[in-house]
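Observations on the model geometry
The residues making up each chain are set out below.
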Amino acid sequence: MTTMLTFAVRRRDPEFVTPAAPTPHETKRLSDHDSLCMHVPIAFFYRGGRHRRDDGCDPAGVIRRALGEALVPYYPLAGRLREVEAQKLIVDCTGEGVLFVEADADVRLAELEAAAGGLAPPFPCMDQLLFHVEGSSGFLNCPLLLIQVTRLRCGGFVLALRLNHVISDGPGIGQFISAVAELARGLPSPTVAPAWSRELLEARSPPRPSFAHREYDAARAPPLLAPPGGDMVSRSFTFTRADIAAIKATLPTDLRDKTTSFEALAAAVWRAHAAALDYLADNEFRLVFVANFRRVRELGLPVGYYGNAWVLVMAVTTAGALRAGELAGAVELVREAKAALTAEYVRSTADFLVLRGRPSMAPVANLFFLTDNRHAGFHRVDFGWGEPVYGGPVHTQPGGSVISAVRNGDGEEVVVLPIMLPHPAMDRFASEIEMVDKGGSGSN
C-alpha cells in the first residue's frame, strides 16, 4: 500500500544524448513481432555511497557518458520510428539520440521506501522521478528512450526510463541498460554484443497462421456472483524460495519434480484471482502469459538479440473448475500452455499479427495476464554503486501483474508480484495466497 508523499524536484532542461562516435545512417526493418505500440516505464533505486572507480563521481554524469558510449553499438536506439508500406515499421538510424533529464530531489530513499510500503510497485510520485517531456511520448518520429537520473538527499539516486516497447522487450532493454552499466563501471565494451537480426522473425509470404491465437479474441465479460465493489487498491506480494517450495509441496511428487517456480506461482495466482473475483462456476476464465522464445533453437536467434522475442500463450478453464480443483490441475494447464511454444507457433503468431494489423491482447474481465521479468536482469544492473535496491516495473494495472526479482532485507533473492483489485477482492486474494503459502490448496 502506498501513502501520500510530496517533495521538490529540480530538473535541468531535457537534452539529447547521441552516440559518442559516428554510427551508420541507414534504415532497419523491425520484425513482425515488434508490434506492441506502448511506452513502458522502468525504475532502478540505488542507495548510493562510494563509486567503485572514483569517490567523487556523480551518477548523472557517469550514466550520461556511458549512455553515449552504449549508443554506438546500439545505434538504432538513437534513431526514430517510421511507418512504410502495409504498416511496416522501420527504424531510421538518424543518430538524433535519446532524451536525458538530470534532476535533484529533496527526498531520501528511506522516505520513498516508507511511502511505497517497501520498494515495490506501485511507487508514489513516479511523475516526479520520470518527468514527461512534451512531445516525447508519441509513437512515430519520437525518441525511443527517455531516461531521468535523480539524485536523492541521502546520496542515493533513481534511474527511471521510459521505453517504446516496439524496439525491445524486457530482456532486450535489460541487455542495453546492462551495457550502459558496464561502460559506467569502466569496461572497455559491453560483454554481450548487440544483434539486430530482425529479419529472422518476419511473417511468411503470404501469411498463414496455423493456430487460432484466441488470446487476442475478445469475449463477453461474464457476470460475477457478487459485484466486487469498493475502490481499486494495489498491493505487492513477496514470495521467498521457501514460499514457492511450500506451493510446490502441495503437488503430487511426480508433478512437483518437473514444475518450475513460474508454473507453480502462475497457477496459484491464477486460482487466487479467480476466487477473489468470484465469477459464476461455468464462466470461462483465462490465464494469458508471456513466453520468451530466445531459446527456441529452430528460430536461430543469435546471442545478443535485443528485439521483441515473446508470444502470448493461454490456459483456459472455468472459474468453478479453478476454485474447486486442486492446484495440480491448474499447474498442468499452465504447463500445457507453455508447451505450445514452438518455432511454428512463433511463426504463426507473426503471420496472425500481420493479418490482423498488429492487434493488442483483448482487454476482457475474465482474464489474468502475467509477465515474468525476473530474467531481464533488472535487479542486477550495477552502474558502479552496487546492485539496485529495486529494479523493474513501477506500476500496477487491473487484470494482470508483472513479477520481478528483488533482494529482501536478508539479501535473499525473492519474487515480487504487484496486483490491483477492488478492495474486497484484494482481501480475498490475500487470504487465498496466504493459504497456499502455508501449504494449503486454497480456493476450496
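What this report covers is the structure whose coordinates are included nearby. Keep in mind it's a predicted model, so treat the numbers as computed, not measured.

Cut-off values and rules
- Residues numbered from 1 in each chain as written.
- Predicted model: local features only at pLDDT ≥ 70, side-chain atom pairs only at ≥ 80, totals over all residues.
- Heavy atoms only, no water.
- Helix = DSSP H or I, 4+ residues; strand = E, 2+ residues; numbered from the N terminus.
- Expected span 1.5 Å × (residues − 1).
- Buried < 20%, exposed > 50% of the residue type's maximum accessible area, 1.4 Å probe, protein only.
- Polar contact = N/O pair within 3.5 Å; in protein donor to acceptor, adjacent residues only side chain to side chain.
- Patch = residues over 30% accessible without salt bridge, like charges linked within 9 Å, V, L, I, M, F, W, Y side chains within 5 Å.
- Areas by Shrake-Rupley, 256 points an atom, 1.4 Å probe, with all protein chains shown as cover.
- Salt bridge = Lys/Arg side-chain N within 4 Å of Asp/Glu carboxyl O.
- Lys, Arg positive; Asp, Glu negative; His and termini not counted.
- Charge placed at Lys NZ, Arg CZ, Asp CG, Glu CD.

1. A word on helix α4 (residues 170–184)
- Taking 1.5 Å of rise per residue, the 15 residues of α4 would be expected to cover 21 Å, and the 21 Å separating its terminal C-alpha atoms lies within 8% of that figure.
- For α4, the buried fraction is high: 13 of the 15 residues fall into the buried class.
- Its side-chain oxygen at 2.9 Å from the backbone nitrogen of Gly-172, Asp-169 defines the N-terminal cap of α4.
- Downstream of α4 by one or two residues, Gly-186 has phi in the positive range, about 105°.

2. Some remarks on unusual backbone geometry
- Going from Ser-205 to Pro-206, the amide bond is cis rather than trans, its omega being 0°.
- One can find Pro-206 in the loop between α4 and β10 (232–239).
- Its identity is not glycine, yet Ser-197 carries a phi of approximately 50°, on the positive side.
- With respect to the secondary-structure elements, Ser-197 resides in the loop between α4 and β10.

3. Concerning a negative patch on the surface
- A contiguous patch of negative charge on the surface is contributed by Asp-254, Asp-257, Glu-332 and Glu-336.
- As for its position among the elements, Glu-336 is in helix α9 (residues 327–339).
- Taking relative accessible area as the criterion, Glu-336 reaches 53% and is therefore assigned exposed.

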